[in-house]
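The lines below spell out each chain.
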Amino acid sequence: MIALNATAGVSGFTLLERKNAMTDTMPRIEAHEFTIADFIGGHPALDFANTITSWDQAPRDWIDTYSRLVDWAVMGGLVDTNRAAALRKAAANDRQQAEKALARAKDLRLALHSLFSALAENREPENDILLKVEAFWRRALASHTITCIDGRLVVVSASRAADLDEISDRLARHAVDLAGTFPAGRLRQCAGDRCGWLFVDHSKAGRRRWCDMATCGNNAKARRHQARQRSAS
Ligand SMILES: [Zn+2]
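What you see is a predicted model; the values in this text were computed from it and never measured. (Residues numbered from 1 in each chain as written. Predicted model: local features only at pLDDT ≥ 70, side-chain atom pairs only at ≥ 80, totals over all residues. Heavy atoms only, no water.)

Engineer: Please set out the pattern of salt bridges residue by residue, giving values where relevant.
Structural biologist: Per the stated rule, a full pass over the model turns up 18 salt bridges. Arg138 is the salt-bridge partner of Glu134, the closest N and O atoms lying 2.8 Å from each other. Taken together, the residues Glu134 and Arg138, both in helix α6 (residues 127–142) and four residues apart, mark about one turn of the helix. The exposure class assigned to Glu134 is buried, which follows from its relative accessible area of 1%. (Salt bridge = Lys/Arg side-chain N within 4 Å of Asp/Glu carboxyl O. Helix = DSSP H or I, 4+ residues; strand = E, 2+ residues; numbered from the N terminus. Buried < 20%, exposed > 50% of the residue type's maximum accessible area, 1.4 Å probe, protein only.)

See below:
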């Protein structure tokens, strides 16, 4: 049974170091203009994990700055443009805190990738991963309050001021929601080389293997074609 039943400090240990020990490769940070093609996960928590690509070989991190994180969050529908402007202003006013918030977001990202990779493979996630996600989730809850708007309960930020961790907070809440509700057998990791992206398979047949047929799917088809040609010659 998977349980989120203990507490841990958000900065208690460094998942990045652990991930590096596993892959022996620092994700190479590169500037990336996000497009809609980068949002194939079917859920913001998966799309966020997918902001590192080539997880399986030479990981590349597409979030090079706090501003890029905000770009990504706007495109992913996590924050609106007004909130994005407030976050950018807060980051410009305190660059050091923005760097720290970015590092925390990246720590959450590694935890989410480990968590959902395990769930996609029907494995139980490691306990330290659960503790890490739980710590982010607790922080997210603590920074929100419940209010009643038009007869419905709505979770809103407890502070009107821009909080540099707001994107991480939203992602942590979304991630825990997803981890408890994704359709059985439909959480997948792309079978392509130099990928490792995660997605929920919403296809009718439930046989989606690739993050995107136009990239990883076609690459795999091309490799199979080349292999057949080699064996026929
Ligand atoms: Zn792929």
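Engineer: So what's going on with the pairing of strand β5 (residues 152–157)? Residues and values would help.
Structural biologist: One ladder, built from six bridges, connects strand β4 (residues 144–149) with β5; its direction is antiparallel. Note on β5: the bridge partner recorded for Thr145 is Val156. Here β4 hands over to β5 after two residues, with Asp150 in that stretch at a positive phi of 50 degrees. (Pairing = 2+ DSSP bridges.)

Engineer: Can you tell me about the nonpolar core, naming the residues and giving the values?
Structural biologist: Core analysis: the largest hydrophobic core is formed by 52 residues, its most contacted members being Phe48, Tyr66, Leu69, Trp72, Leu112, Phe116 and Ile167. Elements that contribute at least two residues to this core include exactly α2 (44–49), α3 (66–75), α4 (81–93), α5 (95–120), α6, α7 (166–181) and β7 (198–200). The contact partners of Phe116, leaving out residues within four places of it in the chain, are Ala45, Leu46, Ala175, Leu178, Ala179, Leu187 and Leu198. (Core = buried A, V, L, I, M, F, W, Y, C linked by side-chain atoms within 4.5 Å. Contact = heavy atoms within 4.5 Å.)

Engineer: Pulling in residues and values, what's your account of a nonpolar patch on the surface?
Structural biologist: Taken together, Ile146, Leu153 and Val155 make up a surface patch of nonpolar side chains, about 320 Å² in accessible area. On the secondary structure map, Leu153 appears in strand β5. Using a relative accessible area of 67% as the deciding quantity, one classes Leu153 as exposed. (Patch = residues over 30% accessible without salt bridge, like charges linked within 9 Å, V, L, I, M, F, W, Y side chains within 5 Å. Areas by Shrake-Rupley, 256 points an atom, 1.4 Å probe, with all protein chains shown as cover.)

Engineer: Summarise the side chain of Ser143; cite the residues concerned and give the values.
Structural biologist: As for its placement among the helices and strands, Ser143 is situated in the loop between α6 and β4. Within the local environment of Ser143, its side chain forms a polar contact with the backbone oxygen of Ala140, the two atoms lying 3.0 Å apart. Side chain to side chain, Ser143 and Asp169 meet in a polar contact 2.9 Å long. Among residues more than four places away in sequence, those in contact with Ser143 are Val156, Ser157, Ala158 and Asp169. (Polar contact = N/O pair within 3.5 Å; in protein donor to acceptor, adjacent residues only side chain to side chain.)

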